[in-house]
Amino acid sequence: MDKYRELQGSTLALLLGMIGIGLAITSAVFLLPLVKLLHLSTISPSDALLTAFFLGIQAMTNILAIYYINLFMVLEEAHRGSGWDNARRLGTTLICVPLAMLGVRFSVIAFGQFAAALITTLLTIYDLKRRMGGLPLGLQGANWKTAKASLAPSGMFAMIFAQHFLIFQAPLIMLQWILGPSVVVLFSISRTILSTARQMLAAISSSIAPEITFSFADRDTKKLLNIFHYSEKIVFAGIPIANLGAFLFSPILLQIWLHKPGLFDPLTYGLMALISGAMSIREHKTILPIFN
């Protein structure tokens with residue numbers, strides 16, 4: 001219990017420090033000529049800055065939410081944490097629908113998303129605290145030595161998750177900056193459609209995560225390797241099927257969803273399908289060391 005308090009409190013303190021740095025960087029957006037940098041013509045400078053700011057603090061809220069969601073594994077209730085994670089994602093998406101129908105500004109929609117993420121995060125923490133009983137969730141037992149020891153493995157995970165930014169978010173910024181919004185629309189829509197295949201396969205990887213954790217804790221190497229190897233066969237067999245299916249279904253979906261089948265570009269969607277497949281391989285390959 002003493003070790004748990006030290007590790008939990010120290011990692012939370014370290015995370016809050018990083019979130020503080022993130023909030024400072026997010027606040028610095030008000031010093032940037034954002035409209036000019038991104039060639040925005042249909043939004044006012046103040047609205048663009050507020051939108052970026054609210055999206056930034058929403059990202060910081062999501063980081064804190066994921067920290068507490070992962071603590072449900074301490075209770076052997078990872079499924080409950082996944083439920084809260086899905087509720088947070090769904091809430092931030094659904095809030096956009098009525099706000100968009102009302103025709104409000106982008107900054108109002110961004111604030112609505114932030115509010116939905118914050119409320120869901122607070123409910124997650126309340127539910128976790130209620131089920132944890134006497135186990136602490138705050139900064140009790142925090143110390144720099146333990147926090148420093150967690151930096152090296154945290155750095156490895158940071159490199160893994162940075163791949164999402166480098167593959168998806170960074171190109172959006174560069175495309176908007178260099179080529180303008182029309183190319184961004186094509187890239188974003190293709191990413192959204194093709195990522196559905198990756199998300200379907202990721203569900204299989206996530207479902208085995210608790211079993212991997214329990215098998216490792218029991219030192220049951222045979223069971224651990226069986227879980228990973230058999231699930232790998234299923235995921236790797238599904239990668240070409242899921243991505244090829246999403247690629248072939250894209251023109252139909254664009255017609256039904258956006259009534260714009262002309263947005264389908266075979267080269268762009270084909271490359272995005274290959275990227276989605278590669279990321280599915282990476283995500284499943286890293287599931288074993290992450291949950292150990």
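Residues numbered from 1 in each chain as written. Predicted model: local features only at pLDDT ≥ 70, side-chain atom pairs only at ≥ 80, totals over all residues. Heavy atoms only, no water.

K.L.:
I tried to follow the overall build of the chain on my own but got confused; where do I start?
P.N.:
Scanning the chain for helices and strands turns up 13 helices and zero strands. If you list the helices and strands of the chain from N to C, you get α-α-α-α-α-α-α-α-α-α-α-α-α. Since a compact globule built from 292 residues should have a radius of gyration of about 19 Å, the 21 Å found for the chain is in line with a globular shape. Projecting the C-alpha coordinates of the chain onto the three principal axes gives extents of approximately 55 × 45 × 35 Å. Taking all 292 residues of the chain together, the buried fraction comes to 38%. Considering only contacts in the chain between residues 6 or more positions apart, those separated by 24 or more positions represent 73%. Split by element, the accessible area of the chain, about 16700 Å² in all, is 73% carbon and sulfur. For the chain, the separation between the mean place of its 21 positive charges and that of its 13 negative charges on side chains is 5 Å. (Helix = DSSP H or I, 4+ residues; strand = E, 2+ residues; numbered from the N terminus. Rg over C-alpha atoms; globule rule 2.2 N^0.38 Å. Buried < 20%, exposed > 50% of the residue type's maximum accessible area, 1.4 Å probe, protein only. Contact = heavy atoms within 4.5 Å. Areas by Shrake-Rupley, 256 points an atom, 1.4 Å probe, with all protein chains shown as cover. Lys, Arg positive; Asp, Glu negative; His and termini not counted. Charge placed at Lys NZ, Arg CZ, Asp CG, Glu CD.)

K.L.:
Any chance you could explain the layout of surface pockets here in plain terms?
P.N.:
Picture a little ball the size of a water molecule; that probe, rolled over the atoms, points out where space is still empty. Here the second largest pocket defines a volume of roughly 170 Å³. Gly22, Ile25, Thr26, Val29, Ala52, Gly56, Ala59 and Met60 together form the lining of the second largest pocket. Among the secondary structure elements, those contributing two or more residues to the lining of the second largest pocket are helix 1 (2-27) and helix 3 (45-70). Among the elements that take part in the lining of the second largest pocket, helix 3 stands out by supplying four residues, more than any other. Each residue belonging to the lining of the second largest pocket can be placed in one class, and the counts come to five nonpolar, three polar and no charged. (1 Å grid on protein atoms, 1.4 Å probe; cavity = no way out; pocket = protein on both sides within 12 Å on 5 of 7 lines; lining within 4 Å. Points joined across faces, edges and corners; volume = space filled by probe spheres on them. Nonpolar A, V, L, I, M, F, W, Y, C, P; charged D, E, K, R; others polar.)

K.L.:
What should I look at first to understand the pattern of salt bridges in this one?
P.N.:
Opposite charge on two side chains makes pairing possible when the charged atoms of those side chains draw close. Evaluated as defined, the whole model comprises five salt bridges. In this structure, aspartate 85 and arginine 89 form a salt bridge, with 3.4 Å as the shortest nitrogen-oxygen distance. Placement of the pair is aspartate 85 and arginine 89 together in helix 4 (residues 78-94), with a separation of four residues, close to one helical turn. A relative accessible area of 16% means that aspartate 85 is categorised as buried. Salt bridges sharing common partners tie together Arg80, Asp127 and Arg130. (Salt bridge = Lys/Arg side-chain N within 4 Å of Asp/Glu carboxyl O.)

K.L.:
I would appreciate a short explanation of the nonpolar core in the present structure.
P.N.:
Looking at soluble globular proteins, one finds that nonpolar side chains tend to be buried together. Counting 16 residues, the largest nonpolar core has Phe187, Ile189, Ile193, Leu194, Leu254, Tyr269 and Met272 as its most contacted members. Every element with two or more residues in this core is listed here: helix 8 (151-178), helix 9 (181-207), helix 11 (221-257) and helix 12 (266-285). At six residues, helix 9 tops the list of elements feeding residues into this core. Judged by nonpolar contacts, the second largest core, of 13 residues, contains Leu15, Tyr68, Phe72 and Met132. (Core = buried A, V, L, I, M, F, W, Y, C linked by side-chain atoms within 4.5 Å.)

K.L.:
I'm lost on unusual backbone geometry in this one. Help?
P.N.:
Phi is positive for histidine 39, which is not a glycine, with a value near 55°. You can see histidine 39 is positioned in the loop between helix 2 (34-37) and helix 3. Positive phi, close to 55°, is recorded for arginine 219, a residue that is not glycine. Here arginine 219 shows up in the loop between helix 10 (209-217) and helix 11.

K.L.:
Please explain helix 4 as it appears in this structure.
P.N.:
Each turn of an α-helix holds 3.6 residues, which means side chains three or four residues apart point in the same direction. Taking 1.5 Å as the rise per residue, helix 4 with 17 residues should run 24 Å; its terminal C-alpha atoms sit 24 Å apart, in good agreement. In this structure, the buried side of helix 4 is in contact with helix 3, helix 5 (96-101), helix 6 (106-132) and helix 10. (Expected span 1.5 Å × (residues − 1).)

K.L.:
When you look at the environment of glycine 22 in this model, what are you seeing that I'm missing?
P.N.:
In this fold, glycine 22 is placed in helix 1. Looking at glycine 22, the relative accessible area reads 12%, which means it is buried. It is 12 Å that separates the C-alpha atoms of glycine 22 and phenylalanine 54, two residues lying 32 residues apart in sequence.

K.L.:
In this structure, what is going on with the environment of methionine 73? I would like to understand it.
P.N.:
Mapped onto the fold, methionine 73 is located in the loop between helix 3 and helix 4. Given a relative accessible area of 27%, methionine 73 falls into the partly exposed group. The sequence separation of methionine 73 and leucine 102 amounts to 29 residues, and the corresponding C-alpha distance is 40 Å.

K.L.:
How should the packing of aromatic side chains be read in this particular structure?
P.N.:
Two descriptors summarise a pair of aromatic rings, namely the distance from one centre to the other and the angle between the planes of the rings. As enumerated under the stated definition, the model contains seven aromatic pairs in all. Centre to centre, the rings of phenylalanine 30 and phenylalanine 53 are 5.3 Å apart; their planes meet at 45°, and the pair counts as tilted. Of the two residues, phenylalanine 30 sits in the loop between helix 1 and helix 2 while phenylalanine 53 sits in helix 3, which places them 23 residues apart along the sequence. By relative accessible area, phenylalanine 53 is classed as buried at 19%. Centre to centre, the rings of phenylalanine 54 and phenylalanine 111 are 5.2 Å apart; their planes meet at 70°, and the pair counts as edge-to-face. With phenylalanine 54 in helix 3 and phenylalanine 111 in helix 6, the pair connects residues that are 57 residues apart, well separated along the chain. Counting every residue linked through ring pairs, the aromatic cluster contains Phe30, Phe53, Phe54, Phe111 and Phe114. (Phe/Tyr/Trp six-rings, centres within 6.5 Å; stacked < 30°, edge-to-face > 60°.)

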